[in-house]
Amino acid sequence: MIEITRIQQAAEYLRAAQRVVVFTGAGVSRESGVPTFRDALTGLWANYDPHKLATVAGFRANPKLVWDWYAERQAQLRTVTPNAGHDAIAALEKSIPSVTVMTQNIDGLHERAGSTDVIALHGDITRYKCLADCQGNPTEVVIEDLVWDREQGPPACPHCGAWVRPAVVWFGEMLPPGTFERAVALTEAADVLLVVGTSGEVQPAASLPSIARQHGAKVIEVNPHPSALSRRAHVFLQGPSGEVLPQIVAAMHATE
Ligand SMILES: [Zn+2]
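All values reported here derive from a predicted model rather than from experimental measurement.

Quick word on the domain arrangement of the protein chain
1) Next: Each domain of the protein chain was delimited in the assignment, giving domain 1 (1-33 + 82-122 + 175-256) and domain 2 (35-79 + 125-168).
2) Next: Relative placement of domain 1 and domain 2: their C-alpha centres are 29 Å apart.
3) Next: Taken together, the contact between domain 1 and domain 2 spans eight residues of the former and seven residues of the latter.

Overview of the sheet that holds strand β5 (residues 140-141)
1) Next: Spatial strand order, β5-β4-β6: three strands in an open sheet with antiparallel pairing. Each end of this open sheet is capped by a strand with a single partner; those strands are β5 and β6 (164-168).
2) Next: Where strand β4 (residues 123-130) lies against β5, two bridges are found, and the strand directions are antiparallel. Paired with Tyr-128 across the strands is Val-141, a residue of β5.
3) Next: With respect to the sheet, helix α5 (residues 63-77) is in contact with β4 and β6, its orientation differing from that of β4 by roughly 145°.

Some words on helix α1 (residues 4-15)
1) Next: Across its twelve residues, α1 extends 16 Å between first and last C-alpha, which sits within 8% of the 16 Å expected from 1.5 Å per residue.
2) Next: Residues of α1 that are buried include every one of Ala-10, Ala-11, Tyr-13 and Leu-14, and no others. The arc that holds every buried residue of α1, seen down its axis, measures 160°, which confines them to one face. Every exposed residue of α1 that faces more than 90 degrees away from the buried side is listed here: Ile-4 and Thr-5.
3) Next: Each element contacted by the buried residues of α1 is listed here: β1 (19-24), β7 (192-196), β8 (218-223), β9 (235-238) and α10 (241-253).

Topic: the nonpolar core
1) Next: Membership of the largest hydrophobic core comes to 68 residues, with the highest contact counts inside it found for Leu-14, Val-20, Val-22, Phe-23, Val-192, Leu-193 and Ile-220.
2) Next: A domain-level breakdown of this core finds at least three residues from each of domain 1 (1-33 + 82-122 + 175-256) and domain 2 (35-79 + 125-168).

Some points on the packing of helix α6 (residues 84-91) against α10
1) Next: Two elements in contact, α6 and α10, have axes separated by 7 Å at closest approach and are oriented at 30°. One way to sum up the angle between α6 and α10 is to call them roughly parallel. The hand of the α6/α10 crossing is left-handed. Between α6 and α10, the contacting residues are Ala-84, Gly-85, Ala-88, Ile-89 and Ala-91 on the first element and Ser-241, Gly-242, Leu-245, Pro-246 and Val-249 on the second.
2) Next: Taken together, the residues that form the contact of α6 with α10 break down as seven nonpolar, three polar and no charged.

Conventions we followed
Residues numbered from 1 in each chain as written. Predicted model: local features only at pLDDT ≥ 70, side-chain atom pairs only at ≥ 80, totals over all residues. Domains from an automatic or database assignment. Contact = placed C-beta atoms within 7 Å. Pairing = 2+ DSSP bridges. Helix = DSSP H or I, 4+ residues; strand = E, 2+ residues; numbered from the N terminus. Axes fitted to C-alpha atoms, helices over the stretch in contact; angles between N-to-C directions. Expected span 1.5 Å × (residues − 1). Buried ≥ 20, exposed ≤ 12 C-beta atoms within 10 Å, placed from the backbone. Arc of directions from axis to C-beta. Core = buried A, V, L, I, M, F, W, Y, C linked by C-beta atoms within 7 Å. Parallel < 35°, antiparallel > 145°, perpendicular 65-115°, else oblique. Left-handed = near helix turned anticlockwise from the far one by under 90°. Nonpolar A, V, L, I, M, F, W, Y, C, P; charged D, E, K, R; others polar.

Encoded structure:
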């Protein structure tokens, strides 16, 4: 049980804020039952090397295999729903003028919960793009408009004929252009950085709390366990986001 004063402290920071950045990681999705990349390597897929399923080289070597793997993960995602943590993050928009969600998750659950400004740092498993990015990076392709033989593998880009691939960031790939810069700029301008369900071991998660503090923002962390970020948080709230975030939102609206 978290002491009530720390929940109230977090709620006060948020109530006073004009601009909030919420940074989320795998922990938030896990609470909805979304398997992590490695968790998903089970059953039929248990013997596959992740680098064959989530790299450009692996896709070029066996486009159908990679396509089928993502199709299966997508089908899995249709069986899960946003949890109370996603809902609480979306609810922040009702009382705070500017809320941007930056997420390492590729499942689209923040949008489904109602968040309207979401930066998907690692892409979105429900979207597709041209492998050659022939019309600029990214060249999005809407596959619902395409007709192709699914037994043969992925469809071809309608512009250039290259394979169509999932619009996710694979191992060894850069984040979409400008993404890191936008993450930093938003964090510099934020009054509160709320970090949820990420270990903070990879960029940009690792550097955002320090950037926020340098620019005078309050840093709130919600995680089941202390992380690499916790010592840089003004308030650390230990627990699952689906339990902690609704308490914060409720405290924001409680009358004093
Ligand atoms: Zn193309």
